[in-house]
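Understanding the architecture of this molecule
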Amino acid sequence: MSPFQSNIPSSEITPKEVFLSRRDVLKAAGFAGLGALLAACAPQAVSSSGAQAAPPDVPNSLEDISNYNNYYEFTVDKARVAPLAKDFTSRPWTVEVGGLVNNPKTYDVDELIKKFQPEERIYRLRCVEAWSMVIPWMGFPLAKLLAEVEPASDAKYVAFETIYDPDQMPGQKSPLFPWPYREGLRMDEAMNDLAILATGLYGDLLPNQNGAPIRLVVPWKYGFKSIKGIVRIELTNEEPATLWSSASPNEYGFYANVNPNVSHPRWSQASERRIGELTRRPTLMFNGYAEQVAHLYEGMDLAKNY
Ligand SMILES: Nc1nc2c(c(=O)[nH]1)N[C@H]1C(S)=C(S)[C@@H](COP(=O)(O)O)O[C@H]1N2
Ligand SMILES: [Mo]
């Protein structure tokens, strides 16, 4: 089992409130050995080549995860997404899966949840703006859904689209972005086991501000690839246009792999601010998931394919 994919819900390891208050006590006492303490009881990511191990991860609180959000359909102000999304209607909800598939189908989101039995995946999320969190998602591999619809042999990409509903999402009235939000993956990226469709976090359904009822999570890529509020998934043979690469192509590429060595034109990506921490952390190649995904990009120039 990968150290990043515990099947034990964090809620069963230790209640999150207790866990967090213990962490706060240790912090307040100036306890320096928390990393060592966690390292003693948590599995470590040490590759056979002896490459740098990912530092131990403590999930952010539900409070942090659900009150510091990027969801431009509501607002560009991270602190105001939650209140503006409070009354968003995420049921009933259907996800249409089509394009280059042998078996196109429209699913009710609750049918997907019943069919694919979401499991907990604790992942780091690294925003292109150089902040990060650790989030205990509930989700299922995107590969499982793709297998159901049977990709045609000429399908090379998977395109995703967010709901377009300006009456519920005031930010979609802004002419600055080409709505609806669109994202995409190459087929082999989409089939990687790390790529999930998340339907919950901290053991509950997704809060609206985190992309209810269903959003993509691709933890080795910058957060903007993890599209929220998905209503359509389409398999294509051409690289799909995405909202961010259309809005600002020299800043946001199609791949958007987390890479400390390739700067954003306006800032460095070498380090990041983990929400809740006082000092910056170094950013890890592929956000620390290189062992699982580096092979997907062998022979590619990652500075060019940013
Ligand atoms: N539809 C949609 N999906 C989106 C966004 C958005 O504005 N609209 N923001 C992205 C960005 S930039 C980030 S960092 C993550 C944030 O996810 P979170 O709020 O659940 O932490 O969502 C991504 N998915
Ligand atoms: Mo982001």
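Further up the page is the structure itself.
Analysis parameters
- Residues numbered from 1 in each chain as written.
- Chains lettered and ligands numbered in written order.
- Predicted model: local features only at pLDDT ≥ 70, side-chain atom pairs only at ≥ 80, totals over all residues.
- Heavy atoms only, no water.
- Pairing = 2+ DSSP bridges.
- Helix = DSSP H or I, 4+ residues; strand = E, 2+ residues; numbered from the N terminus.
- Axes fitted to C-alpha atoms, helices over the stretch in contact; angles between N-to-C directions.
- Contact = heavy atoms within 4.5 Å.
- Salt bridge = Lys/Arg side-chain N within 4 Å of Asp/Glu carboxyl O.
- Buried < 20%, exposed > 50% of the residue type's maximum accessible area, 1.4 Å probe, protein only.
- Core = buried A, V, L, I, M, F, W, Y, C linked by side-chain atoms within 4.5 Å.
- Near = heavy atom within 4 Å.
- Polar contact = N/O pair within 3.5 Å; in protein donor to acceptor, adjacent residues only side chain to side chain.
- Areas by Shrake-Rupley, 256 points an atom, 1.4 Å probe, with all protein chains shown as cover.
- Nonpolar A, V, L, I, M, F, W, Y, C, P; charged D, E, K, R; others polar.

Some points on the sheet that holds strand E6 (residues 182-186)
With mixed pairing, the five strands of this open sheet are ordered in space as E2-E1-E10-E5-E6. The open sheet is flanked by strand E2 (105-108) and E6, the only strands paired with a single partner. With strand direction ignored, the average angle separating the axes of adjacent strands in the sheet is 15°. Of the strands in this sheet, strand E1 (94-99) and E2 are in contact with helix H6 (residues 109-116), which crosses E2 at around 85°. Helix-sheet contacts for helix H7 (residues 142-149) involve E1, E2, strand E5 (157-162), E6 and strand E10 (230-236), and the interaxial angle to E2 is about 135°.

Considerations on the pattern of salt bridges
Proximity of charged atoms lets side chains of opposite charge pair with each other. All chains considered together, the criterion is met by 19 salt bridges. Glu161 serves as the salt-bridge partner of Arg232, at 2.8 Å between the closest nitrogen and oxygen. With a gap of 71 residues between them, Arg232 in strand E10 and Glu161 in strand E5 connect regions that are remote in the sequence. For Glu161, a relative accessible area of 18% corresponds to the buried category. Notably, a salt bridge pairs Asp188 with Arg186, separated by 2.8 Å at the nearest N-O pair. Judged by relative accessible area, Asp188 falls into the partly exposed class, the value being 33%.

Quick look at the nonpolar core
In this structure, Trp137, Trp220 and Ile233 are the most contacted members of the largest nonpolar core, which totals 74 residues. At five residues, strand E4 (residues 131-141) tops the list of elements feeding residues into this core. The residues touching Trp220, leaving out its near neighbours within four places in the chain, are Glu189, Asn192, Leu194, Ala195, Asn257, Val258, Phe286, Asn287, Tyr289, Val293, Leu296 and Tyr297.

Things to note about the site of ligand 1
Around ligand 1, a shell composed of 18 residues is seen, among which Asn69, Tyr72, Glu73, Ser226 and Lys228 lie nearest. Taking Thr162, its side chain carries an N or O atom lying 3.0 Å from a nitrogen atom of ligand 1. Within the backbone of Ser226, a nitrogen or oxygen atom sits 2.9 Å from a nitrogen atom of ligand 1. For ligand 1, the protein covers 98% of the area, taking 540 Å² as the surface of the free molecule. By residue class, the composition of the shell around ligand 1 is nine nonpolar, six polar and three charged.

No statement about biological role is implied by the geometric values presented.
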